[in-house]
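Architecture at a glance
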Amino acid sequence: MSKSAAASRSLYPVVAPVCAAGLAAVVAATVTFATATHGATVLSGLAAFLAASLLADRFPVPVDDLDANGVSLAFVFGLSAIVLFGWAAGVLVVTATPAVMQLLDRRPPIRIAYNSFAFALTAASAGLVIAPIGGGSPAITAARVVVATYVCYLVNVLLITAVVARATRHSWPGLIASSIRKTILPFTLMGSAVLTLVVLWQRAPLLSLALVGPLLAIQLYQRALLRALRAVRLAQTDPLTGLGNHRHFHERLARELEHALRCGRPLALCLVDIDDFKRVNDRFGHPAGDRVLSQVATRLRQSGEAFRLGGDEFAVLLPGFEAGGALTAASSIVERISRLDFGQMGAVTVSAGIALAPQHARERDELLRLVDSALYRAKEEGKNRADVYRPDVVELAELKRLAGAQDRAARLRAAVSLASAVDARDVYGGNHSQRVAELAVRLAARIGLSGEELELTQLAGSLHDLGKLALPENLLRKPAPLTEPELTVLKEHASLGSRMLESLGIGSVAEWVLHHHERWDGTGYPDGLAGTEIPLGARILFVADAFDAMTSDGLYGKPCSADDALSEVVLCAGTQFDPSVVEALAAELDQATAPQADPQLEQAVAV
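Residues numbered from 1 in each chain as written. Predicted model: local features only at pLDDT ≥ 70, side-chain atom pairs only at ≥ 80, totals over all residues. Heavy atoms only, no water.

A few words now on the overall build of the protein. Within the protein, the secondary structure is distributed over 25 helices and five strands. Per-residue burial for the protein yields a buried fraction of 47% across its 607 residues. Looking at the protein alone, contacts between residues at least 24 apart form 67% of all its contacts between residues at least 6 apart. When the accessible surface of the protein is totalled, it reaches about 28300 Å², and 58% of it is carbon and sulfur. (Helix = DSSP H or I, 4+ residues; strand = E, 2+ residues; numbered from the N terminus. Buried < 20%, exposed > 50% of the residue type's maximum accessible area, 1.4 Å probe, protein only. Contact = heavy atoms within 4.5 Å. Areas by Shrake-Rupley, 256 points an atom, 1.4 Å probe, with all protein chains shown as cover.)

A residue-level look at the protein finds 80% of positions with pLDDT of 70 or above and a mean pLDDT of 80. Across the protein, the secondary-structure element scoring lowest on mean pLDDT is helix α25 (residues 599–605), at 34, and the one scoring highest is helix α22 (residues 536–550), at 93. A low-confidence stretch, residues 62–70 stays under pLDDT 50, and its non-local contacts, those more than four residues away or across chains, total 27 contacts. Contacts of residues 593–607 to residues separated by more than four positions or lying in other chains number 19 contacts, the stretch itself having pLDDT below 50. (pLDDT = per-residue confidence, 0-100.)

With that settled, the discussion passes to helix α23 (residues 562–571). Taken together, the buried positions of α23 are A565, L566 and V569. The arc that holds the buried residues of α23, viewed along the axis, is 100°, so those residues lie on one side. In α23, those exposed residues whose orientation departs by more than 90 degrees from the buried face are D563 and L571. (Arc of directions from axis to C-beta.)

Applying the stated rule across the entire model yields one cavity of 30 Å³ or more. A volume near 40 Å³ is recorded for the largest cavity. Considering the residues around the largest cavity, the lining is formed by E518, W520, I534, R539, F542, V543, Q576, F577 and D578. Each residue belonging to the lining of the largest cavity can be placed in one class, and the counts come to five nonpolar, one polar and three charged. (1 Å grid on protein atoms, 1.4 Å probe; cavity = no way out; pocket = protein on both sides within 12 Å on 5 of 7 lines; lining within 4 Å. Points joined across faces, edges and corners; volume = space filled by probe spheres on them. Nonpolar A, V, L, I, M, F, W, Y, C, P; charged D, E, K, R; others polar.)

What follows covers the packing of helix α4 (residues 74–85) against helix α8 (residues 172–203). For the pair α4 and α8, the least separation of the axes is 9 Å and the interaxial angle reads 45°. The angle between α4 and α8 falls in the class oblique. For the crossing formed where α4 meets α8, the hand is right-handed. When α4 is examined against α8, the residues F75, V76, F77, L79, S80, V83, L84 and F85 are found in contact with a partner set consisting of F187, M190, A193, V194, L197, V198, W201 and Q202. Partitioned by chemical class, the residues of the contact of α4 with α8 number 14 nonpolar, two polar and no charged. (Axes fitted to C-alpha atoms, helices over the stretch in contact; angles between N-to-C directions. Parallel < 35°, antiparallel > 145°, perpendicular 65-115°, else oblique. Left-handed = near helix turned anticlockwise from the far one by under 90°.)

Strands sit in the order β2-β3-β1-β4-β5 across an open sheet of five strands; the sheet is mixed. Looking at strand neighbours, the two that pair on one side only are β2 (305–310) and β5 (386–388), the edges of this open sheet. Strand-to-strand twist of the sheet, defined as the mean angle between neighbouring strand axes without regard to direction, takes the value 20°. Pairing between strand β4 (residues 350–357) and β5: three bridges, direction parallel. Bridge assignment links I354 to a residue of β5, and that residue is V388. (Pairing = 2+ DSSP bridges.)

Where two aromatic rings form a pair, the distance of their centres and the angle of their planes describe that pair. Tallying each qualifying case throughout the model produces eight aromatic pairs. Between F85 and W201 the ring centres are 5.3 Å apart and the planes differ by 85°, which places this aromatic pair in the edge-to-face class. Taken together, the residues F85 in helix α4 and W201 in helix α8 connect sequence positions 116 residues apart. For the pair Y153 and F187, a centre-to-centre distance of 5.0 Å together with 40° between the ring planes defines the contact as tilted. Taken together, the residues Y153 in helix α7 (residues 138–168) and F187 in helix α8 connect sequence positions 34 residues apart. (Phe/Tyr/Trp six-rings, centres within 6.5 Å; stacked < 30°, edge-to-face > 60°.)

With that settled, the discussion passes to a nonpolar patch on the surface. On the surface, a nonpolar cluster with roughly 250 Å² of combined accessible area is contributed by L23, V27 and V31. With respect to the secondary-structure elements, V31 resides in helix α2 (residues 12–35). The class of V31 is partly exposed, set by a relative accessible area of 47%. (Patch = residues over 30% accessible without salt bridge, like charges linked within 9 Å, V, L, I, M, F, W, Y side chains within 5 Å. Salt bridge = Lys/Arg side-chain N within 4 Å of Asp/Glu carboxyl O.)

Attention now goes to the environment of Y114. Position of Y114 relative to the elements: it lies in helix α6 (residues 109–130). Judged by its relative accessible area of 3%, Y114 is buried. Separated by 16 residues in the primary sequence, Y114 and P98 place their C-alpha atoms 10.0 Å from one another. Among residues more than four places away in sequence, those in contact with Y114 are V14, V15, V18, C19, L159, I160, A162 and V163.

Right, let's talk about unusual backbone geometry for a bit. In this structure, P358 follows A357 across a cis peptide bond, with omega equal to 0°. Along the chain, P358 falls in the loop between β4 and α14 (364–380). The linkage connecting Y525 with the following residue, P526, adopts the cis geometry, with an omega of 10°. Relative to the helices and strands, P526 is located in the loop between α21 (509–514) and α22. Of note in this structure, D276 is not a glycine but carries a positive phi near 55°. Assignment of secondary structure puts D276 in the loop between β1 (267–274) and α11 (277–284).

Structure representation (structure tokens):
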């Protein structure tokens, strides 16, 4: 059995009863209408309404964000026929319109049957509900139109979303809510057009037919708008999968992130990457790879607004999702895709990473960096899984990238990325870690360290607070003075950072990070080292860290001027700080105010 046949058969539990009931309604309407006597005015009116309905259905009105061609003003003429000529006449007009137009478009028979008979049921429901509402006063007419409008609309929404929910395995209540939210306004406006058309007909039939012209003019105008809307959507759509493309993703992410921050609601971003996709293309060819991409895209649509970013990478936006719900949705994606049957290709799996705004990041680029780290960790942990970003765990993926970098520039980029993650959680304003690294390199160059040691100094400066990723953010940002137990926990960041770095093969950086809070007089932590027992790189970091802390917003309250901060550092030389490093700092700050910079020192800083 073909997949299309299997898909059609899966719809039978919904399609069969609706078609049977709709067919009965059409038969009953035909008999009722045929056995009654109708004047020329009624027959000509029905013919005009049917013709207008067919033309209106040919050019639907576009509705923003509606996953269909739009809504049709055929509703106006069909509902007017129900109110004016009774339920039987209305059923015939409403049923004939989609049947004729979809036959001309050569739509699948099951679709033609379901749409036609579903509309027959909506028309019959509306007509039978208003039948007891008798009288010809304006109030009665308005009541009949309002009741018929919303009965017809609600029955139509229920029946159409029922088959869509069955086909896509989406939640039926969710689809109902979404459809009502997107279409209630245009259908209400069309209800007002129905009332106008009915009132004009009751006054003078020829006068009411004059309204058909303006309504059809609106339809033709909307045709141009629909084409423009389709062109915009085409520019934002990946042609292979039908998902939003890279450009559309960034536009939607920026919009959703802004909304999340403004309204104080969470936004989960999920990145999905096909595991070992290159193997599929290499072994089975690109057509097979395209089939995999299409099937994966179909499964992603079932979880949220999905996009193809390029290659084998996808994204899903989950507005309003907390970490638990987002992980459940991502795990469901992973499971659904792992169950796909690709024949001789075997199973295909995906890995997913999740990050949340504003919990993890408030800026778009930072959110993307964090979700990419979560995805990297999911890959490292064995693939075919989903992981939520955790600062104390996921950043280890960045550390592995740092250790595996083949050149200096790549190592520095990874270090800067990690430093940004630390600074985003810490109390200091701006790029504290980057500033410490830059100052530490200048001091190291002035003291006379080699080129290799300058690079290690820059890495150590960028990563000196790395251990803070494993500490609670509320502890790092506590506005009140820390208690003794809290201070003890905070001091652990040096040891934690060192342990995260020690196995990465980047020289003395781990040791310098471990000891960058040791004091010259031996009263520092974690080991109480004194004087030259403290590694020189750690002594340099200590001075650079303290100076930047005093001149930055954050822990020290209002920042000091550079002169006041230098005076404080000089005062502590020989007790807290290495006097030779303090001397280098004084010389460096004096040099910074000189008319010309030292070219040799500028070259050292650029290393």
